[in-house]
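What follows is each chain in one-letter form.
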Amino acid sequence: RQDMYRLKARTRGLPAPVVDGMDRLRLETDLHDAASRNELVVHYQPQVDAGTGRTVAVEALVRWQHPTLGMVPPGVFIPIAEDSGAIGEIGAHVLAVACSTVAGWHVGGTPLELAVNVSASQLHTAGFSDFVRLVLKQTGLAAHRLVLEVTESQVVADTDALGELTALRALGVGISVDDFGTGYSSLSQLRRLPATEVKIDQSFTAELPGSASFVAGIVALAHSLDLRVVAEGVEQPEQLRALIDAGCDRAQGYLLGRPAPAADVRSRTDAAETEGPTHG
Ligand code: C2E
Ligand code: MG
Ligand code: MG
Ligand code: MG
């Protein structure tokens, strides 16, 4: 209990790698067995079409149910897993679980799309795109229903990662630039990414409607590059309104649904189907 407190106190509101010393060593050691011990749980957060209000996709977000520390958030353990190499097994587990969970999931007769976060280090694993192709084949999820989210700053100057993303794109998988606008990459670098989507970072959404012209600029830029625009971190109705006005394609955030186990999200999308869309 005390451990959990310390962990929370140290990580709340701070960048992830601040877990230090004993905590980090402990997490790193425990993380190696987390997947095989079934301690990893995948939650899903809805992405809503801005025009219809309908859930069209879900983002898979991993959680770690540590036996003594309780729920450890991904912002804490993913960076540790990236450093220790455990990210390969964790990422493979999340992808397989999420694809099989979403494969048979329809909303309003339309197959749901799935977004999965991918670390640059996974893209460096030999044969990553082959692994993705195998998972799609085994789960029956069509490639065009899968979007892999990568962080702009992690991949933009990384030739190997870019090569793997191009191979994934060739499979028909979508590529989303997560936390868009927070990196320092140039426009010309962005154009080199084989992306199909950008996700406006939640720090910009949080400033809406004040930053509306800025967000409209990002939308116009993204659309000029033929990229779909998703906004994350939508918490207030005014923010959703401003995003729709700015021409944003999809929205995601606590206002539209918190990350939750598949069964919970599914019962909500099934209920919404019988009630009809809530706006638009
Ligand atoms: P992300 O991909 O940018 O995910 C968005 C984060 O914002 C999630 O935090 C989500 O729970 C949170 N969020 C969603 N809506 C709202 C909102 O309205 N307000 C606020 N304040 N927050 C909101 P979470 O689940 O803690 O994940 C943090 C990060 O960990 C993710 O950021 C992603 O970079 C990483 N991550 C999560 N799952 C995976 C995974 O399976 N693999 C990898 N490589 N990274 C993952
Ligand atoms: Mg993401
Ligand atoms: Mg993000
Ligand atoms: Mg992120």
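As annotated in an unreviewed UniProt entry, the chain carries the name Bifunctional diguanylate cyclase/phosphodiesterase and comes from Cellulomonas aerilata.

A. Seen up close, the coordination of the magnesium ion (ligand 2). Looking at the magnesium ion (ligand 2), the protein donor atoms are E59 (OE), N117 (OD1), E149 (OE) and D178 (OD), and they sit 2.0 to 2.3 Å from it. Distance-wise, the magnesium ion (ligand 3) is placed 4.4 Å from the magnesium ion (ligand 2), both being coordinated by D178. Taken together, the positions of E149 in strand β7 (residues 146–151) and D178 in strand β8 (residues 174–180) put the pair 29 residues apart, joining distant regions of the chain. Each of the two residues, E149 as well as D178, counts as buried.

B. Layout of the packing of helix α4 (residues 87–102) against helix α6 (residues 128–139). One can describe the packing of α4 onto α6 by two numbers: an axis separation of 9 Å at closest approach and a directional angle of 30 degrees. As summarised for this structure, α4 and α6 are arranged roughly parallel, according to the angle between their axes. In this structure, the crossing between α4 and α6 has a hand that is right-handed. Here α4 contributes A92, L95, A96, C99 and S100 to the contact with α6, which in turn contributes F131, V132, V135, L136 and T139. Its residues assigned to classes, the contact of α4 with α6 comprises eight nonpolar, two polar and no charged.

C. Representation of the packing of α6 against helix α8 (residues 159–171) within the structure. Packing of α6 against α8 leaves a shortest axis separation of 9 Å and a crossing angle of 25 degrees. When the axis of α6 is compared with that of α8, the two are roughly parallel. Taken as a pair, α6 and α8 cross one another with a handedness that is right-handed. Where α6 approaches α8, its residues F128, S129, V132 and R133 are matched on the opposing element by E164, A167, L168 and L171. Residue composition of the contact of α6 with α8, by class: five nonpolar, one polar and two charged.

D. Main features of the environment of S121. Its location among the elements puts S121 in helix α5 (residues 120–123). Expressed as a C-alpha distance, the spacing of S121 and A170, which sit 49 residues apart in the sequence, is 20 Å. Beyond its immediate stretch of four places on either side in the chain, S121 contacts E82 and I87.

E. Broad picture of the coordination of the magnesium ion (ligand 3). Taken together, the protein ligands of the magnesium ion (ligand 3) are D178 (OD), D179 (OD), E232 (OE) and E232 (OE), with distances of 2.0 to 2.6 Å. Summarised as a motif, the one-chain spacing of the donors to the magnesium ion (ligand 3) is D-D-x52-E. For D179, a relative accessible area of 25% puts it in the partly exposed group. Accessibility expressed as a relative area gives 8% for E232, which makes it buried.

F. Here's a closer look at α6. Taking 1.5 Å of rise per residue, the twelve residues of α6 would be expected to cover 16 Å, and the 17 Å separating its terminal C-alpha atoms lies within 8% of that figure. Along α6, the residues classified as buried are F128, S129, V132, V135 and L136. Mapping the buried residues of α6 onto a view down its axis gives an arc of 120 degrees, with all of them on the same face. Looking at α6, the residues exposed on the side facing more than 90 degrees away from the buried face are K137 and Q138.

G. Structural detail: the nonpolar core. Membership of the largest hydrophobic core comes to 78 residues, with the highest contact counts inside it found for Y44, L114, L146 and L148. With near-sequence residues (within four places) excluded, L148 lies in contact with L95, V116, V118, F128, V132, L168, V173, G174, I175 and S176.

Quick notes on the rules
Residues numbered from 1 in each chain as written. Chains lettered and ligands numbered in written order. Predicted model: local features only at pLDDT ≥ 70, side-chain atom pairs only at ≥ 80, totals over all residues. Heavy atoms only, no water. Donors = N, O, S within 2.8 Å, 3.2 Å for Na, K, Ca; no water. Helix = DSSP H or I, 4+ residues; strand = E, 2+ residues; numbered from the N terminus. Buried < 20%, exposed > 50% of the residue type's maximum accessible area, 1.4 Å probe, protein only. Axes fitted to C-alpha atoms, helices over the stretch in contact; angles between N-to-C directions. Parallel < 35°, antiparallel > 145°, perpendicular 65-115°, else oblique. Left-handed = near helix turned anticlockwise from the far one by under 90°. Contact = heavy atoms within 4.5 Å. Nonpolar A, V, L, I, M, F, W, Y, C, P; charged D, E, K, R; others polar. Expected span 1.5 Å × (residues − 1). Arc of directions from axis to C-beta. Core = buried A, V, L, I, M, F, W, Y, C linked by side-chain atoms within 4.5 Å.

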